[in-house]
Amino acid sequence: RKGNFHLSQGQRYTWAVRDMQLSQMTLQQILNLRDPEALRGFLLEELPIRFARRLQLLESLPCWSKYPHMRVIRSLYSDAFRRLRMIPQHEAEPFRKTLQNIKRRNANMLLHVVRGVSAMKNGSHLSDLQVNAFLDEFLTARIGTDILSSQYLALTRPEGATSVIDPLCDPVGVVRSAAGDAARLCKHHYGWSPPVDVVDVGQVRFPFIGQYLNYIMFELIKNSLRAVVERYGSRSEAEKDPIRVVVCGDDKTVVLRVSDSGGGIPLEGLQQVWSYLYTTAKPAGEDLASEGCESDDDGVAPMAGFGCGLPLSRNYACYVGGRLELNTMPNYGTDAYLYLNRLGDAQEGFPQDAAAEVTLPSRGFLPKSG
């Protein structure tokens, strides 16, 4: 396959997308990848294909080259594609250093892509529907690349092999950590934080990526804290009806529910919360600095920001065969339900060809559960 490197850059991308199929993986399969040499050989074949598909997706957008952030994205992925294609399979250390370099250089990719599509929308080159479709596909594909790269780096750590996937992830522990972080953020902005009760039903353990679960739960709890603070105005009133997080599951599914009495979401506005770039904070495009697309002038994340928190949380859940749903009771509160595959046997949620759509839950009220 590396014999095709003499082709032009555009021809190489077309070749990679046309002739090579992505390998769909499950969390259990990734967890079982314990042979660094075999995984390195797999990634040297797989990662260029994934980068090429993302480049083709970007270049399918109208007038993308007019926007600086989109040009940066193309440059970063083109460079990653080229570097990986130049590495011989038997050279372990150059591959590890290249992978580390790619991850470091792409650390702000989310910032670039959200700013880029925001500019394209403001320039009337993308509609809201096109923004959502592009970001769903682009960001879902990015998750898989990040997991596979991180797994290899974890396996080849000089201080000892680990895994990016926790085979016995404790969702209650993750929830409590996320709740603590969200409460501290709430206190920073409002001076106080409503109570959060965590209910553990059955001491569930399952193979999962703690970092992703933390991101989702932090986002959900943060949203509930903000809604309760802005509705009640004082801790004494909020204590009468605390935010409640329930963690439970059966043999196949882990379920986490976040319930609040923060006033709910107006029914006519529920569909918007799943749209990228929708936010109740200041205009999109200001003060992006972190992976979550959000930061204040002092470097502290706001309680409501750029608008990618919920859609990205939904993508993380979908990627591993789960789903994220919101049910609202106007003028009372909101229930968020996160369903996750307990067995770790769900395949990655990405399309097999450039024209296919990523299978995601519907965006409207009471999303279809399949």
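Below: a short report on this structure. (Residues numbered from 1 in each chain as written. Predicted model: local features only at pLDDT ≥ 70, side-chain atom pairs only at ≥ 80, totals over all residues. Heavy atoms only, no water.)

Here we come to the side chain of Asp-79. Among the structural elements, Asp-79 can be located in helix α4 (residues 68-85). In this structure Asp-79 comes out as buried when scored by relative accessible area, which is 13%. Within the structure, the side chain of Asp-79 is placed 2.8 Å from the side chain of Arg-82, a separation counted as a polar contact. (Helix = DSSP H or I, 4+ residues; strand = E, 2+ residues; numbered from the N terminus. Buried < 20%, exposed > 50% of the residue type's maximum accessible area, 1.4 Å probe, protein only. Polar contact = N/O pair within 3.5 Å; in protein donor to acceptor, adjacent residues only side chain to side chain.)

Moving on, we come to the sheet that holds strand β7 (residues 333-341). Spatial ordering of the open sheet is given by β2-β4-β5-β7-β6, a layout of 5 strands whose pairing is mixed. Every interior strand has two partners, whereas the edge strands, β2 (196-200) and β6 (323-329), have only one. Ignoring strand direction, the axes of neighbouring strands in this sheet form an average angle of 15 degrees. When strand β4 (residues 243-249) meets strand β5 (residues 253-260), the two strands line up antiparallel, connected through 6 bridges. Among the inter-strand pairings, Val-247 is bridged to a residue of β5, identified as Leu-256. Together, β2, β4 and β5 form the strand contacts of helix α8 (residues 171-190), whose direction differs from that of β2 by roughly 175 degrees. Most of the contacts of helix α11 (residues 309-319) go to β6, to which it runs at about 135 degrees, and overall it touches β6 and β7. (Pairing = 2+ DSSP bridges. Axes fitted to C-alpha atoms, helices over the stretch in contact; angles between N-to-C directions. Contact = heavy atoms within 4.5 Å.)

Counted according to the given criterion, the structure contains 16 salt bridges. Put simply, Lys-103 and Asp-146 hold a salt bridge, and the shortest N to O gap is 2.7 Å. Here Lys-103 is found in helix α5 (residues 92-105), whereas its partner Asp-146 is found in helix α7 (residues 128-155), with 43 residues between them in sequence. Taking relative accessible area as the criterion, Lys-103 reaches 28% and is therefore assigned partly exposed. With a relative accessible area of 27%, Asp-146 lands in the partly exposed category. The partner of Glu-230 in a salt bridge is Arg-226, with the nearest N and O atoms 3.3 Å apart. Separated by 4 residues within a single helix, Glu-230 and Arg-226 lie in helix α9 (residues 210-232), roughly one turn from each other. Within this structure, Asp-79, Arg-82, Arg-83 and Arg-105 form a network of salt bridges that share partners. (Salt bridge = Lys/Arg side-chain N within 4 Å of Asp/Glu carboxyl O.)

A few words now on the packing of α8 against α9. Between α8 and α9, the least distance of the axes is 8 Å, while the angle of their chain directions is 40 degrees. The angle between α8 and α9 falls in the class oblique. In this structure, α8 crosses over α9, and the sense of that crossing is right-handed. In contact with Pro-171, Val-174, Val-175, Ser-177, Ala-178, Ala-179, Asp-181, Ala-182, Ala-183, Leu-185, Cys-186 and Tyr-190 of α8, α9 contributes Gly-210, Leu-213, Asn-214, Met-217, Phe-218, Ile-221, Lys-222, Leu-225, Arg-226, Val-229 and Glu-230. (Parallel < 35°, antiparallel > 145°, perpendicular 65-115°, else oblique. Left-handed = near helix turned anticlockwise from the far one by under 90°.)

Turning to the packing of aromatic side chains, a few remarks are in order. Counted under the stated rule, the structure contains 8 aromatic pairs. Ring geometry for Phe-95 against Tyr-152: centres 4.9 Å apart, planes inclined by 75 degrees, an arrangement best described as edge-to-face. Placement of the pair is Phe-95 in helix α5 and Tyr-152 in helix α7, with a sequence separation of 57 residues. Comparing Phe-95 with Tyr-152 shows no difference in burial state: the two are buried. Cluster of aromatic residues (ring-pair linked, three or more members): Phe-51, Tyr-77, Phe-134 and Phe-138. Across from the ring centre of Trp-274, 5.8 Å away, lies the NZ or CZ of Arg-314, which sits over that ring. (Phe/Tyr/Trp six-rings, centres within 6.5 Å; stacked < 30°, edge-to-face > 60°. Lys NZ or Arg CZ within 6 Å of the ring centre and 35° of its normal.)

With 94 residues, the main nonpolar core has Met-70, Met-217 and Leu-340 as its most contacted residues. Discounting residues that sit within four places of it in the chain, Met-70 has contacts with Leu-58, Leu-61, Trp-64, Gly-116, Val-117, Met-120 and Phe-134. (Core = buried A, V, L, I, M, F, W, Y, C linked by side-chain atoms within 4.5 Å.)

Further remarks concern α8. Over its 20 residues, α8 extends 28 Å from the first C-alpha to the last, a length consistent with the 28 Å expected when each residue adds 1.5 Å. For α8, the complete set of buried residues consists of Pro-171, Val-172, Val-174, Val-175, Ala-178, Ala-179, Ala-182, Ala-183, Leu-185 and Cys-186. What you see down the axis of α8 is that its buried residues fit within an arc of 165 degrees, all on one side. Where α8 is buried, its residues meet β1 (166-169), β2, β3 (206-208), α9, β4 and β5. Between the side-chain oxygen at the start of α8 and the backbone nitrogen of Val-172 there is a gap of 3.2 Å, and the oxygen is on Asp-170. Positive backbone phi, approximately 90 degrees, marks Gly-191, located one or two places after α8. (Expected span 1.5 Å × (residues − 1). Arc of directions from axis to C-beta.)

On to α5. Taking 1.5 Å of rise per residue, 14 residues should cover 20 Å, and α5 covers 20 Å from first to last C-alpha, within 8% of that figure. Three or more residues of α5 are buried, namely Phe-95, Arg-96, Thr-98, Leu-99, Asn-101 and Ile-102. Along its buried surface, α5 packs onto α3 (36-59), α4 and α7.

By themselves, these observations are geometric and do not establish any function.
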